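Commentary on secondary and tertiary structure
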Amino acid sequence: MAEPAVQVRGLTKTFGEIQAVRGIDLDVATGEMFGFLGPNGAGKTTTIKILCTLAEASAGSASVAGYDVARHTSAVRSRIGLVFQEPTLDTYLTAEQNLRFHGEMYGVPRERMRRRMDEVLEKVGLTDRRRDLVRKYSGGMRRRLEIARGLLHTPTVLFLDEPTIGLDPQTRAAIWDYIRALRATEEVTVFLTTHYMEEAEYCDRIAIIDNGEIVAVDTPEALKAAIGADRVQIATSDDAAAVAQLSERLEVEAAMHDGMVTFSVPGGASFVPRLFQALSVEIDTVTVTRPSLDDVFMAYTGRTIRDAEQGNAPHPLQLLAAGRR
Amino acid sequence: MTTTTRDPSTAAHRHRTVGGPAHELRAISMVWQREMIRFRHDPARVFAMLLQPLLFLFVMGTGLASIVDTGGEIDFRTFLFPGVLAISVLFSAAFAGISLVWDREFGFLREMLVAPVSKFAIIVGKCLGGATAATAQSLVVLALAGMVGVPYHPVLMLKLLALLFVAAFMLTAIGVLLSARIRQIQAAMPTSQLTILPMMFLSGALFPLANLPDWLAILTKLNPLTYVVQPMRAVVFDYLNVSAGALEALDPAITWFGWQLPIGVQILVALGFASAILAAGIAIFDRSD
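From a predicted model like this one, the values you see are computed outputs, not experimental measurements.

Details of the pairing of strand S7 (residues 157-161) of chain A
Residue and element names in this part refer to chain A.
- Burial analysis of S7 places 5 of its 5 residues in the buried class, the great majority of the element.
- Here S7 shows two buried faces, one formed by Val157, Phe159 and Asp161 and the other by Leu158 and Leu160.
- Examined bridge by bridge, strand S6 (residues 80-83) and S7 share 4 bridges and lie parallel to one another. The partner of Ile80 across the bridge, within S7, is Val157.

Given below as structure tokens:
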């Protein structure tokens, strides 16, 4: 295997008192689709900003496409494509004009520009809308155009920071179809962040990040297999009593998540009859789910991703404000 | 890892020419072109911006003509014309520069700042674009020269356009400088007005810089715009029959400690101011915006 597309060693970023990234290590192989999964405020965007040369690390080092992000900013910039959470299109220009602007800024050879524009527009299904002003585009179309633009200069690594944030489920699914189709035709490493578990499933490997630290890195399958347990959620007439009885009588540690008594056991389906025998409280509903990435997240961090976002992790706006200083 | 089918044509073009002067030039030209595209799409703005100079020239100029003594040789509106021409580029040029605040708000600034080009290329492109658009707009005012007794001599017209471009470039650079620090759209307009109005009044665009009290004379000499407006008036008067006395009263030379600055030097001072403002804008513009 050639040199890794992204290599990170001991990367740390502090904003005053807040430690946003606490010494992370990462290797992303060339051609890989790598997902960075974690709640808002976990340090995903900060890490991406450092990798894209938009922020400086407080300590540690990182290289992208073989170039150090702190020393060779221009070399790194010309080899990466970026799609940010916030839109960065000029809506008073047409799709084509936005693409041409990008191509000129990134030094795409003139003789190649036209064909490359045709290619990327085709990839995201915007060929017949290419001469429309972007302000007439829907949210999903804009995001597709940004992805096309990120690919225009044939980058080595494409960074997608929450590529589907703020889009409705149907549009999100469509965007993912385009992202996955890319891999068949583009020689590009994709590095994306998300806090949607189901999106992380599409990645070759994912890193779970929480409170600025990477708690696990592996393929989604391996991460789920490592959990080995099913998740059981029950609704009862007395949740507190249920938690206590589960602990006393079945030696199962349960906790309240999303308003339900939640616990993990191997072979969840065969556990259910024992549940009814052992508990004296009334059980209204039982749900048994095969391990998901959400369970993986919970296994490593002790909370669901939704708990984490409601908890006291630093709010991303605070980090943003601190970063502006 | 999964294997993927590569598109050979993409791999063949991995080697780009990024970072050289040719690439920087392409970037400057592209940023300039974007200003042109947006200028063409917004004709309403062009006309709104022209209303103000026309009010100065025909309403204020005509109203004051009866009480202002220009010595009888020259109509007050003829005197005003070069100043009003300069005013016609001030606001649109400054707004073109300050539009970076909008670019930041709507995200496009980031698209520019993450590109593998220098801040210099982005800001120079922006200033050239704003200056070109503002100068093009002032053509409408220039076309009215005949109505106030200024001859349509081609050389005069070209000289005026060149000076207008210098003024517009300077003002766009001022707008860029302001936008580096202004974060809020609501603050952009009032701040630029607050900057432009004193420059306009202290440049001699609306009254001759003769026999001024010392404090006012000093302020006019510190004003970068003075060094464009005065040459503009001088080139216009070159094409009119003006007696030495009237010239002394209406278009006194700029002096530094008793030394009369030749027009060439005045223009050099203006270019020096413009370059300094541009350099300051590039220096304080934050790459991670």
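Some thoughts on the confidence of the model for chain A
All names here are of chain A.
- Across chain A, the average pLDDT comes to 88, with 94% of residues at or above 70.
- Mean pLDDT across the elements of chain A ranges from a minimum in helix H13 (residues 316-324), with 43, to a maximum in helix H3 (residues 95-105), with 97.
- Note on residues 312-325: pLDDT is under 50 here. Beyond four places in sequence and across chains, it has 16 contacts.

Some words on the packing of helix H8 (residues 154-179) of chain B against helix H13 (residues 263-284) of chain B
All names here are of chain B.
- One way to put it is that H8 packs onto H13 with a least axis distance of 8 Å and a crossing angle of 25°. Classified by the interaxial angle, the pair formed by H8 and H13 is roughly parallel. As for the relative orientation of H8 and H13, their crossing is left-handed in sense. Of the residues in H13, those touching H8 at Leu163, Val166, Phe169, Met170, Ala173, Ile174 and Leu177 are Ile267, Ala270, Leu271, Phe273, Ala274, Ile277, Leu278, Ala280, Gly281 and Ile284.
- A per-class count over the contact of H8 with H13 returns 16 nonpolar, 1 polar and no charged.

Comments concerning the nonpolar core
- Formed by 126 residues in total, the largest nonpolar core has its most connected members in A:Val6, A:Val64, A:Met105, A:Phe159, A:Phe191, B:Phe81 and B:Leu171.
- Of all the elements, helix H4 (residues 76-98) of chain B adds the most residues to this core, at 15 residues.
- Sequence-distant contacts of A:Val64, that is, excluding residues within four places in its chain, are made with A:Ala5, A:Val6, A:Leu51, A:Val69, A:Val76, A:Ile80, A:Val157 and A:Phe159.
- A:Val83, A:Leu99, A:Met117 and A:Ile179 belong to the second-largest nonpolar core, a separate cluster that totals 43 residues.

Observations concerning the packing of aromatic side chains
- Taken as a whole and judged by the stated rule, the model has 10 aromatic pairs over all chains.
- On the numbers, 5.5 Å between centres and 40° between planes, the contact of A:Phe34 with A:Phe191 is tilted. Here the residue A:Phe34 occupies a position in strand S3 (residues 33-37), and A:Phe191 occupies one in strand S8 (residues 189-194), the gap between them amounting to 157 residues.
- The interplanar angle of 45° and the centroid separation of 5.4 Å between the aromatic rings of A:Phe159 and A:Phe191 together place this pair among those described as tilted. In this pair, A:Phe159 is assigned in strand S7 and A:Phe191 in strand S8, connecting sequence segments 32 residues apart.
- On the basis of relative accessibility, which here comes to 1%, the residue A:Phe159 falls in the buried class.
- Given a relative accessible area of 0%, A:Phe191 falls into the buried group.
- Cation over ring: B:Arg110 sits above A:Phe84, and NZ or CZ is 4.5 Å from the ring centre.
- Note that B:Arg233 overlies the ring of B:Phe79, its terminal NZ or CZ placed 3.9 Å from the centroid.

What counts, and where the lines are drawn
Residues numbered from 1 in each chain as written. Chains lettered and ligands numbered in written order. Predicted model: local features only at pLDDT ≥ 70, side-chain atom pairs only at ≥ 80, totals over all residues. Heavy atoms only, no water. Buried < 20%, exposed > 50% of the residue type's maximum accessible area, 1.4 Å probe, protein only. Helix = DSSP H or I, 4+ residues; strand = E, 2+ residues; numbered from the N terminus. Pairing = 2+ DSSP bridges. pLDDT = per-residue confidence, 0-100. Contact = heavy atoms within 4.5 Å. Axes fitted to C-alpha atoms, helices over the stretch in contact; angles between N-to-C directions. Parallel < 35°, antiparallel > 145°, perpendicular 65-115°, else oblique. Left-handed = near helix turned anticlockwise from the far one by under 90°. Nonpolar A, V, L, I, M, F, W, Y, C, P; charged D, E, K, R; others polar. Core = buried A, V, L, I, M, F, W, Y, C linked by side-chain atoms within 4.5 Å. Phe/Tyr/Trp six-rings, centres within 6.5 Å; stacked < 30°, edge-to-face > 60°. Lys NZ or Arg CZ within 6 Å of the ring centre and 35° of its normal.

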